[in-house]
Amino acid sequence: MLRFEFQIGTAGISSKFFDIEEEVGSIEIDNALPVAGNTVFLFLTAQFEAEVSKESLSRQLSGMEIVDMARAETKRCTYYLGVITELSNVSVLSMLTSNRAIPHRIVGHYGHLDVVASVQDWNHLKDVAETVEAEHGSLELIGTTQTENIGFPLGGNKIKQSMSGKLSDEQLEVLETAYQMGYFKVPQEVTAEEIASELDISRSTLSERLRRVEHNFCELLFGPRK
């Protein structure tokens, strides 16, 4: 398998969000389910620069119905949206799947879309890239990586999505750093003091954030304590 990352100009549902009055930081497609005909149910994570309301978004986003909207617990001005819209508003996703590429991530930023997907080999990548370019113009290839497994497809990493909504940016940074440095391996490859030094925080702050991560993870798996 070959995993590749590329950028194209903002298109579809992302361009609609960046045209509204409120300032949008990013819009990510978490999952997509076919509804009927040429419509699709999208699950989105949208980051704004200020608080927004469902009414305001519904008024400005023509061609889509906001079925559900919830604010993330820890991330400021981040919302999870469920919307019904035309399949044409997710043309990149449609082109990837119709060409048998596996989408992993589609994130819209102002001016461009970041996309990560997997294909079988270089010839498959060439075919997919030509299809995307025919519809969206130029495609900038950011990088490629050979991989032995498919990994999580779009919408497949439910635990990560759920945890991202329950952890602060600081807690996520601590968790990722500890994991990447080998803190959770047996035997440990790094001490807590070394992680704290890497993050430029105190040993006690590191311990507190890790314990909060563990608590939130257990709460996600087992539910709130009785």
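Up top you'll find the structure we're talking about.
An account of the accompanying structure is given in this report. Along each chain, the written sequence defines residue order, and numbers are assigned to residues from 1. Owing to the predicted nature of the model, reporting of local features is limited to residues with pLDDT of at least 70; listing and counting of side-chain atom pairs is limited to 80 or more, with chain, interface and lining totals taken over all residues. In computing side-chain values, all of the structure's heavy atoms are included and hydrogens and water are not.

Grouped together as the largest cluster of nonpolar side chains are 43 residues, with contacts concentrated most on Phe 17, Leu 42, Leu 44, Phe 48, Leu 57 and Leu 81. For this core, the element with the highest residue contribution is strand S3 (residues 39-48), accounting for five residues. By the convention used here, residues are in contact when the closest approach between their heavy atoms is within 4.5 Å. Leave out the neighbours within four places in its chain, and Phe 17 touches Val 24, Ile 27, Leu 44, Phe 48, Leu 61, Met 64 and Leu 81. Residues Ala 178, Ala 196, Leu 206 and Leu 210 belong to the second largest nonpolar core, which totals ten residues. To qualify as a nonpolar core, a set must consist of buried Ala, Val, Leu, Ile, Met, Phe, Trp, Tyr and Cys residues joined through side-chain atoms within 4.5 Å. For the exposure calls, accessible area comes from a 1.4 Å probe over protein chains only, and a residue counts as buried if that area is under 20% of its type's maximum, exposed if over 50%, partly exposed in between. Numbering of helices and strands runs from the N terminus, with a helix taken as a DSSP run of H or I at least four residues long and a strand as a DSSP run of E at least two residues long.

Turning our eyes to something else, we now look at the packing of helix H3 (residues 91-98) against helix H4 (residues 122-136). It is the contact of H3 with H4, at a shortest axis distance of 10 Å, that shows an interaxial angle of 150 degrees. As the angle between them shows, H3 and H4 are arranged roughly antiparallel. By crossing handedness, the relation of H3 to H4 is classed as right-handed. Taken together, the residues of H4 that come into contact with H3 (itself represented by Ser 91, Val 92, Met 95 and Leu 96) are Val 128, Thr 131, Val 132, Glu 135 and His 136. Partitioning the contact of H3 with H4 into residue classes produces five nonpolar, three polar and one charged. To define axes, lines are fitted to C-alpha atoms, for helices over the stretch in contact only, and angles between the resulting N-to-C directions are given on a 0 to 180 degree scale. Orientation categories follow fixed angle ranges, with anything under 35 degrees roughly parallel, anything over 145 roughly antiparallel, 65 to 115 roughly perpendicular, and all other angles oblique. Definitions for this section: a left-handed crossing has its near helix turned counterclockwise from the far helix by less than a right angle. A right-handed crossing has that turn clockwise. Throughout, the ten residues Ala, Val, Leu, Ile, Met, Phe, Trp, Tyr, Cys and Pro are labelled nonpolar, Asp, Glu, Lys and Arg are labelled charged, and all others, Gly among them, are labelled polar.

Salt bridges are defined by distance alone: a side-chain nitrogen of Lys or Arg within 4 Å of a carboxyl oxygen of Asp or Glu. Evaluated as defined, the whole model comprises six salt bridges. Among the salt bridges present, the one from Glu 130 reaches Lys 126, with a minimum N-O distance of 2.7 Å. Highlighted residues: Glu 130 and Lys 126, both in helix H4, separated by four residues, approximately one helical turn. The exposure class of Glu 130 is partly exposed, given its relative accessible area of 40%.

What follows concerns the pairing of strand S5 (residues 78-86). The rule for pairing is simple: two strands pair if DSSP sees at least two bridges between them. Inspection of the sheet shows S3 paired to S5 by nine bridges, in the antiparallel sense. Its bridge partner lying in S5, Phe 41 is registered against Ile 84. The pairing of strand S4 (residues 64-71) with S5 spans seven bridges and is antiparallel. The residue bridging Arg 71 from the neighbouring strand is Tyr 79, located in S5.

Consecutive side chains of a regular strand alternate in pointing toward one face of the sheet and then the other. The alternating pattern of strand S1 (residues 2-8) places Leu 2, Phe 4, Phe 6 and Ile 8 on a buried face, while none of Arg 3, Glu 5 and Gln 7, on the opposite face, is buried. As judged from the seven bridges shared by S1 and strand S7 (residues 112-119), these two strands associate in the antiparallel manner. Looking across to S7, one finds that Gln 7 is bridged to Asp 114. Pairing analysis gives six bridges linking S1 to strand S8 (residues 140-146), with the strands arranged antiparallel.

In this section: the environment of Glu 5. Locating Glu 5 in the fold gives a position in strand S1. By relative accessible area, which is 33% here, Glu 5 ends up partly exposed. Between the C-alpha atom of Glu 5 and that of Asp 114, which follows or precedes it by 109 residues, the distance is 7.3 Å. If we ignore the near neighbours within four places in the chain, the residues touching Glu 5 are Val 115, Val 116, Glu 140, Leu 141, Ile 142 and Gly 143.

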